[in-house]
Each structure stands twice: as C-alpha cells, then as structure tokens.
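As a plain string of letters, each chain reads:
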2 protein chains.
Amino acid sequence: MADITTLPRNEVGIAAVISALGDLFQDRLQTGQSIREQHGHTTTWLENQIPDAVVFARSTEEVSAVVKLCAQHKVPVIPFGTGSSLEGHLNAPAGGISLDLSQMDQIKAVHAEDLDVVVQPGVTREQLNTHLRDQGLFFPIDPGANASLGGMAATRASGTNAVRYGTMKDNILSLEAVMADGTIIRTGARAKKSSAGYDMARLLIGSEGTLGVITELTLRLQGIPEATRSARCSFPTVEAACQAVMMTIQYGIPVARIELLDALSVRAVNGYSKLALPETPLLLLEFHGSEAGVLEQADVFGGIAEEFEGSDFTATSTAEERNKLWQARHDAYWAGLSLRPGCQGLSTDVCVPISRLAECVGLARAKAEELGLMAPMVGHVGDGNFHALLLLEPGNRDEQALADSFLNWLADTAISMEGTCTGEHGVGQGKRVYVQRELGETTRFMSAIKSALDPDNIMNPGKIIQD
Amino acid sequence: MADITTLPRNEVGIAAVISALGDLFQDRLQTGQSIREQHGHTTTWLENQIPDAVVFARSTEEVSAVVKLCAQHKVPVIPFGTGSSLEGHLNAPAGGISLDLSQMDQIKAVHAEDLDVVVQPGVTREQLNTHLRDQGLFFPIDPGANASLGGMAATRASGTNAVRYGTMKDNILSLEAVMADGTIIRTGARAKKSSAGYDMARLLIGSEGTLGVITELTLRLQGIPEATRSARCSFPTVEAACQAVMMTIQYGIPVARIELLDALSVRAVNGYSKLALPETPLLLLEFHGSEAGVLEQADVFGGIAEEFEGSDFTATSTAEERNKLWQARHDAYWAGLSLRPGCQGLSTDVCVPISRLAECVGLARAKAEELGLMAPMVGHVGDGNFHALLLLEPGNRDEQALADSFLNWLADTAISMEGTCTGEHGVGQGKRVYVQRELGETTRFMSAIKSALDPDNIMNPGKIIQD
C-alpha cells in the first residue's frame with residue numbers, strides 16, 4: 001500500500017502558529033473539521049490526513065507572512081489550489097497549515113502583443129480562458145479538471161493538448177514564489193527565453209509545494225487558431241491505432257490532440273452517453289490551423305488511418321459537431337465509473353516511448369484481467385501517456401490489495417520500457433516509492449536540494465521525497 | 001570590467017590529481033602550454049585563464065573517475081565541448097583540470113518511431129544532423145557554431161529555430177550526468193513527459209558545468225518537413241519590422257525562423273557578400289510544413305509585411321535559392337567584422353518582450369553612437385532576442401571601457417523592460433554581475449543549490465554564481 005505514514009507532529013509549534021494566524025487573518029483562518037477535511041486529500045483512494053487549520057491568503061505578502069510564521073515555529077505549510085490532485089499531494093502527515101490560494105484569483109495583466117499573461121495562482125484554467133477569449137487568445141494546457149494555475153504549475157500538469165503545446169513546464173515564462181524562509185523571489189520576467197543561471201522556474205514547476213509556494217505566474221499564450229477540425233476513427237486493435245499515431249507524428253502533422261479510448265472505454269461511453277460507436281479502440285483527434293491547413297491535416301490523417309485498417313473515419317469543423325464527436329472523451333471518466341455502479345475510481349497513469357505504448361496497454365489489459373480488476377484505459381497517445389481507471393468496491397481490502405499490486409506492476413513495467421511511473425499525476429505520497437525505483441541515486445540529489453532550500457522540512461512534508 | 005578575478009589555487013591538490021590522471025590516462029592527459037591555452041577561454045574579449053591540464057575522457061566511467069579524483073583533492077573540473085561559448089565559461093580562475101569530452105562522440109541509438117536519439121556529449125550538432133538526414137529526421141537547435149550537444153545543453157543554447165522549436169530546455173528528454181562526488185545519475189529515460197519529482201534535467205540544462213558533467217543526452221527529434229520556404233523583406237524601420245513580426249506570431253503562423261538584420265548589418269553583408277539589398281532593416285524568414293502549407297504561410301506573411309511598409313518581398317522554396325536568400329544571415333558575423341578591418345568582435349545579447357524590442361534596439365543604436373562604438377545588430381526577433389557585435393580595436397583600453405559601459409547599459413535596459421541580460425549567451429564569468437542585478441534574492445537560492453550539490457565548489461568554479 002502507498003506510504004502515507006504519519007510523521008511526528010510539533011504540537012507546540014502548531015498551536016503557536018494557529019494563535020498568531022488567528023490574530024492576523026481573523027475569519028480567514030478556519031479550524032472547523034469539515035473545512036479541514038475538505039483541504040486534506042479527498043479526491044483519491046488515499047486516506048485523508050487533515051491539516052490543523054486552513055488559512056486563506058489574498059496577497060504574496062500574506063503568503064510570505066504565513067510561511068515566515070511557520071518557519072519560525074517549524075510547522076508544515078501545504079499550499080492548496082482547488083484540491084484536484086490525485087496522489088495525496090494535499091495530505092498533512094505531520095499536521096500543519098493548509099494555505100488556500102483560491103482567493104488569489106486576479107488576472108493581473110494580459111500582454112496580447114507578447115502573447116503572455118500574468119496571473120495569481122488561484123486563477124483557474126477555465127477562468128483564464130474565459131477572460132482571454134475576446135482577445136482571440138487561449139492558454140492550451142488542459143488537465144481535465146478546472147484546476148488552479150498555481151496547482152497546475154506545482155504539479156507540472158499537462159493533458160490532452162500536450163502533444164502540440166507541451167506541458168506546464170513549456171508554457172511558463174517565469175514565476176514569483178515564497179521560499180521556505182518567507183523570502184519572495186522572481187525567477188525572471190517576461191523574456192521568451194533566458195540563459196540567466198539555474199532554471200529556478202523549472203525547478204519549482206513540479207515541485208508540488210515542497211520547495212516554495214508559487215504566488216504569481218507569467219504564462220505563455222497562444223492565438224486561438226483560425227480553424228479547428230476534429231476527427232475520430234475506430235481501429236481493430238490498440239496496436240493498429242498506435243501505429244497510426246506514430247505515423248501521424250513522424251509525418252509532421254501538428255496534431256493538437258490525439259486521444260485513445262480502449263474497447264472497454266468505448267463500451268462504457270456507448271452505455272453512458274447513448275452512443276453507438278464500434279466497441280473497438282478509438283482515436284479522437286483535433287487539428288488547429290488555417291482553414292486549408294486543418295482540412296489538409298485531417299485528410300492526411302484519414303489516409304494514414306486507412307493504412308492501419310481504421311474505419312468509420314469522421315471529421316468535422318463546426319463547433320457543435322466537434323463537441324458531439326469529442327463527447328466520448330469528455331464523458332470517459334464518468335462513463336468508466338458507470339461500468340460498475342457504486343464503485344470507487346482509482347486513476348493512475350504512466351508514460352512510455354510511443355513505440356512501446358501498444359505493448360504496455362496490452363500487458364496492462366492482461367494484468368488487470370488476471371487480477372480480476374475492471375480497468376478502462378484512455379491515453380494521451382501522442383505522448384505515450386495513458387491512464388487506467390481501476391473500478392473498486394469501496395472498503396473491499398482484498399480488491400484494494402489487488403489494485404496496489406496492479407499499480408506496482410504498472411509502474412515497474414513502464415520503467416522497464418524506458419518510460420516513467422508518472423506521466424502527469426505527479427508523485428505526492430502515492431508514487432514516491434516508484435520514483436525511487438525509477439530514478440535511484442538521482443533522488444539522493446533531489447533530497448539534497450530539498451534540504452538546502454527547506455532545511456526544516458516545513459514545505460509540504462512527506463511528498464516527493466521519501467523521508 | 002567583467003569580474004574574472006583569480007581564485008585561490010590548491011597547488012598540492014592539483015599536482016596530486018595531475019600525477020594520478022597521468023597514470024590513468026597516459027597520453028590522454030596533456031599539460032603542454034598551447035593545448036592548455038586552447039582549452040582556456042579563447043573566443044572572447046575575456047582574458048584567458050588556462051587550466052593546469054587537459055584530460056580527454058572516452059566514457060562516462062572515465063568522467064566519473066576524473067571527477068572522483070578531483071573531489072578527493074578538491075581540484076576544479078571544467079567540462080569542455082568545442083570551446084564556442086562566449087562569456088568565459090571555460091576559464092580556470094583557480095586552475096584545475098579541463099575535462100575534454102570531444103572524444104565522447106558516439107550516437108548511441110536513433111529511435112525513429114519515437115523521434116528521439118541518444119548521444120554522447122561530444123557529438124556536434126552538424127555531426128548529428130548529417131547522421132539523421134537519411135532517416136528524414138533532424139535536431140532543430142542551431143546556435144550558429146557547430147557546438148557539441150553536451151555544451152549546448154550545459155549552456156541552454158538556442159538560436160534561429162527557437163521561435164518554433166524552443167531551446168535546448170525544450171528538446172531534451174533526459175540526461176545522464178556525473179555529479180560533484182563522481183556519482184552517475186540519470187534524470188529519466190525516454191518518456192515524452194514526466195512528473196516524477198524535481199526536474200533535474202532542466203536544472204542541469206544551463207548550469208554551465210557548475211553542478212555536474214553531462215555525459216549522455218536523450219534528445220527529441222523532428223521529422224524533416226515536407227517543404228521549406230524562405231522569404232525576405234526589407235522595412236523602413238526596425239519598428240515596422242518588429243510590428244510585422246508581432247502580427248505574424250499573433251496570427252499563429254508557425255514560422256520556423258524569423259531573423260532581423262539592422263541597417264548597419266545589411267550594409268556589412270552587402271559589402272562582404274557582394275549583395276545589393278536595400279540598406280534598411282531586413283527580415284529573413286523560413287517556413288516549415290506541407291507544400292501547400294508553406295506557400296500559404298509565406299503568402300500570409302507577405303500580406304502582413306505589406307501592411308507595415310515592407311518592400312522587396314521575395315520567397316522561394318528551392319534549396320539553392322533559399323541558401324542564396326539566407327546568405328546575408330549566415331555571413332552576418334564575418335560581414336560585421338569586415339566593417340572595421342583588424343577589429344576584435346565582442347558579441348553580446350539580451351532578450352526582451354517582443355513589444356519592447358524595437359525600442360530596445362533603437363536605444364542600443366543610439367547608445368552605441370553616443371559612445372562612438374560601431375555595433376551591427378542582428379536578432380532572433382521572434383523571441384525578442386538580439387545580438388550586438390561591438391567592433392573594437394584590439395588592445396585599446398579606452399574602447400574596452402566604452403564597450404563595458406555599453407554592456408552594462410544594455411543589460412540594465414533589457415532588465416528594465418522586463419527582459420533578461422542574457423537570452424542565449426549564458427552567464428559564465430562575464431554576466432554574473434548582471435544576473436545578480438536581474439534576479440536579486442533569487443541568486444541566493446541558486447547559491448544554496450550549488451553549495452548543496454557541490455559543497456567543495458570544484459565544478460567549474462567562478463561561473464554563474466558570484467563567489
């Protein structure tokens with residue numbers, strides 16, 4: 001089982017910090033049980049380890065004040081965005097303060113000429129894109145959930161658009177952050193590139209709050225493409241679908257999204273969304289470009305699909321038809337859960353070189369069947385990244401143990417294929433043991449960085465680094 | 001003047017290391033004056049501080065052995081690729097060992113299906129692209145010089161293609177490196193993305209050998225585009241050219257290169273390369289895509305250029321014509337030097353938000369004139385990055401002082417425009433003082449990382465971090 005061992009609590013320090021924060025923040029310090037539970041880790045199978053208090057900050061200076069107090073008393077600080085992470089990132093194994101950044105939700109400046117935007121960390125992805133739409137701009141990273149941009153940076157989020165636009169690491173120009181001693185730093189300004197020393201932005205991106213609290217982000221934007229075209233195509237096997245994807249990417253088609261649903265997922269969405277898709281592996285695609293460009297891209301893909309026995313190829317450019325066509329993907333999570341009414345979903349992901357993806361998905365299918373687990377799979381297949389949604393009976397310890405055995409096996413299998421145990425779900429508590437296996441000695445140097453920047457281990461302790 | 005202060009030498013340690021390396025490496029350890037001078041910093045105006053010996057490694061294990069010996073005796077190790085860096089990256093202010101990696105020049109595996117390649121650090125950019133050509137693949141980063149890929153990673157190189165393909169930070173999947181205690185680490189494998197803890201690859205990229213020696217790189221490749229089209233267009237002012245560039249990028253045209261030459265640079269290439277270009281600011285462009293796509297891209301750009309008083313718009317897709325069209329850019333450096341026969345060139349760069357670029361170039365032109373310096377400028381204008389080539393009389397201290405005053409002013413001006421004092425030239429010795437001004441408190445955390453990973457300061461000391 002994942003290691004969510006409780007860590008030693010500093011009761012005296014916690015009491016002192018709560019008292020001082022109460023004076024400073026008044027009713028923006030909350031200690032009620034339900035709000036604390038909601039700020040512990042609630043979105044996964046991992047046990048909820050609740051913080052001792054929740055404080056709502058409204059400025060970088062307030063974040064700095066909170067961190068300084070916690071540093072002074074050696075009390076944990078756990079940054080909180082929207083709570084949509086999946087691997088125990090928000091648990092408080094040593095108690096401490098949940099630092100809720102959702103009220104830092106200002107879009108501070110849009111620089112349309114420079115294609116960048118400056119936001120506070122509590123701004124959500126959808127809020128930002130709604131704000132930008134009238135200016136013909138968008139921010140491309142879409143991890144599914146309407147997560148906060150600070151959280152997306154802290155967990156190095158990606159999602160369906162990553163095959164074309166990259167992940168959070170590729171779309172952040174610079175960060176402002178509060179470090180473990182309360183110092184406010186900036187990693188740069190608005191230059192599109194820089195070679196000014198160590199890449200502190202990239203170090204903070206994916207650090208899951210263990211090195212500092214992100215308090216402002218300067219993000220790279222994209223122009224909304226002149227035209228968008230969506231397509232779908234069914235394939236006899238996952239292997240045929242993956243071959244078509246590889247050919248598409250080698251061909252240089254700048255596909256914006258290319259998503260795989262396995263046969264079980266297609267069955268689930270047929271039932272859930274009243275569709276009549278062939279119950280075989282399905283690819284869903286989106287192309288961005290000029291009117292002529294997206295037609296050409298989709299046509300070339302259609303030709304490639306045919307080579308690999310693709311069938312029922314459909315493409316459309318109208319918004320309504322596109323949404324209908326992508327419905328299968330949007331509903332995949334809830335459709336998956338509906339395969340086993342009353343179940344609890346446990347979502348995991350790995351990422352492998354695309355040449356190994358079909359094999360990895362096939363082995364995962366066989367392993368799940370061997371263990372008697374139901375696990376629809378969907379993938380950001382252009383990146384070699386896929387998710388298995390294990391459908392478990394709540395409270396069933398035997399199934400939980402089988403699930404754990406599956407997770408272990410899947411991580412090891414991905415690692416053995418020159419992949420990673422976590423493509424986009426991060427490490428949190430749940431994947432620390434796998435990261436240790438994947439990176440070995442490298443984690444010793446990660447620990448050295450953690451100790452150097454946070455000597456008292458107050459920044460989101462018990463995450464990423466094995467204690 | 002730039003701070004290249006000599007640091008204290010550990011004479012006993014250096015002698016011990018040279019003796020032990022002689023036993024291990026035989027004639028692959030060299031201590032002759034000329035080879036040592038060639039491995040100190042020879043490509044710039046900075047004084048050459050030569051290492052005590054040069055050792056040629058042929059494997060990761062040999063690199064580890066060298067670093068372990070140097071760690072044991074607390075002697076500096078300075079990794080060396082091809083010696084094309086510009087800011088004193090290779091100087092040996094405390095003496096020590098130049099670790100030449102040019103014999104680690106094996107291309108270990110090309111994974112065409114996954115669009116990645118595994119190389120040793122001494123492989124050069126041109127060597128790699130020659131090797132890949134038959135497979136229809138290329139590696140897009142082109143800093144001009146035929147640099148080693150290890151060096152390009154260590155300095156976070158970019159260049160003309162960065163506007164479309166990003167910099168080294170965006171094109172490296174993972175690294176193998178030898179850390180300051182001799183430990184060999186891997187930052188990951190071949191997954192296209194990962195969220196497995198701190199981004200150690202991105203930390204090493206741009207660390208200029210101060211945190212570890214890069215011994216293997218897994219690089220992301222691109223398919224050679226079906227078609228390439230080049231274009232050029234003259235503009236009445238730098239501002240008009242920059243306006244056209246901004247519109248082009250906002251329009252979502254995926255331009256692969258977009259380079260600016262100022263009027264002085266155009267005059268220089270006209271003389272040097274016997275061209276007859278209008279002696280006004282010039283944009284050179286390259287488009288990658290399908291046959292139809294590149295035609296469309298170039299046409300749309302042509303329309304935009306017209307809006308901003310562009311003239312002499314020319315576009316072509318044949319290789320020979322394209323080369324002719326780009327000749328002005330390829331010759332810009334030598335052409336610039338020819339403006340003042342016998343001069344020494346001092347190349348510097350900054351990067352600003354593109355909306356400030358015309359202003360920054362204009363101010364730099366005025367400043368150079370005020371100081372009586374001749375300084376043709378060229379820019380990777382899609383990124384807001386430009387270079388000024390100061391043409392100085394060798395040995396003229398007064399001019400050197402004026403140049404230094406220009407460099408200081410340019411760094412401060414770029415910083416004041418929310419840009420950076422170094423877009424792609426790195427920090428080395430020459431830009432430490434500017435990075436300190438640009439990033440302030442942030443550099444304290446860079447120092448903390450340096451101390452944590454290299455407590456004895458043996459890895460390329462005196463670079464990036466102010467001692």
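A quick note: this is a predicted structure, and the numbers were derived from the prediction, not measured.

The rules we used
Residues numbered from 1 in each chain as written. Chains lettered and ligands numbered in written order. Predicted model: local features only at pLDDT ≥ 70, side-chain atom pairs only at ≥ 80, totals over all residues. Heavy atoms only, no water. UniProt positions renumbered as here; feature names shortened; annotations may be inferred. Helix = DSSP H or I, 4+ residues; strand = E, 2+ residues; numbered from the N terminus. Pairing = 2+ DSSP bridges. Axes fitted to C-alpha atoms, helices over the stretch in contact; angles between N-to-C directions. Contact = heavy atoms within 4.5 Å. Buried area = accessible area lost by both parts, 1.4 Å probe. Salt bridge = Lys/Arg side-chain N within 4 Å of Asp/Glu carboxyl O. Polar contact = N/O pair within 3.5 Å; in protein donor to acceptor, adjacent residues only side chain to side chain. Least-squares fit on C-alpha atoms with pLDDT ≥ 70 in both.

Undergrad: So what exactly am I meant to see when it comes to the UniProt feature "domain: FAD-binding PCMH-type" (unreviewed entry) in chain A here?
TA: UniProt marks residues 47-224 of chain A with the feature "domain: FAD-binding PCMH-type" (unreviewed entry), using the numbering shown here. For residues 47-224 of chain A, the end-to-end C-alpha separation is 41 Å, with 21% helix and 25% strand making up the annotated structure.

Undergrad: Just to check I follow, could you spell out the sheet that holds strand β5 (residues 107-111) of chain A for this structure?
TA: To summarise the sheet geometry, strands pair through backbone hydrogen bonds and adopt either a parallel or an antiparallel arrangement. All names here are of chain A. In space, the 5 strands of this open sheet follow the order β5-β6-β10-β8-β9, with antiparallel pairing throughout. Looking along the sheet, the strands with just one partner apiece sit at the ends: β5 and β9 (184-186). Each strand of the sheet is rotated relative to its neighbour by a mean of 15 degrees, with strand direction disregarded. Each of β8 (172-179), β9 and β10 (212-220) is contacted by helix α3 (residues 60-73), which is oriented at about 40 degrees to β8, the strand it contacts most. Against the sheet, helix α4 (residues 125-133) engages β5, β6 (116-119) and β10, with an angle of about 45 degrees to β5.

Undergrad: Sorry, what's going on with the interface of chain B and chain A here?
TA: Many authors give the size of an interface as the accessible area that is lost as the parts come together. At the junction of the two partners, chain B supplies 78 residues and chain A supplies 78 residues. In total, about 6200 Å² of surface goes out of reach between chain B and chain A, with carbon and sulfur atoms giving 59% of it. For chain B, the biggest contributors to the area lost against chain A are Lys 193, Ser 195 and Tyr 198 of chain B; these three give 15% of the whole. Linking chain B to chain A there are 8 salt bridges. Asp 181 of chain A is paired through a salt bridge with Arg 444 of chain B; the nearest N and O atoms lie 3.6 Å apart. Linking chain B with chain A are 36 residue pairs in polar contact (both at pLDDT 80 or more). When residues of the side of chain B that touches chain A are traced back to their parent elements, those giving at least two are β9 (184-186), α7 (200-204), α8 (238-250), α10 (291-307), α13 (354-371), α15 (432-439) and α16 (442-453) of chain B.

Undergrad: I keep staring at the relation of the copies chain B and chain A and nothing clicks. Help me out?
TA: The second copy of the chain is related to the first by a rotation about an axis and a shift along the axis. If you rotate chain B by 180 degrees and push it 0.0 Å along the axis, it lands on chain A with an RMSD of 0.0 Å. Taken together, the rotation and translation describe the operation of a two-fold axis. Comparing interface residues between copies, 100% of those in chain B also lie at the interface in chain A; the contact surface is shared.

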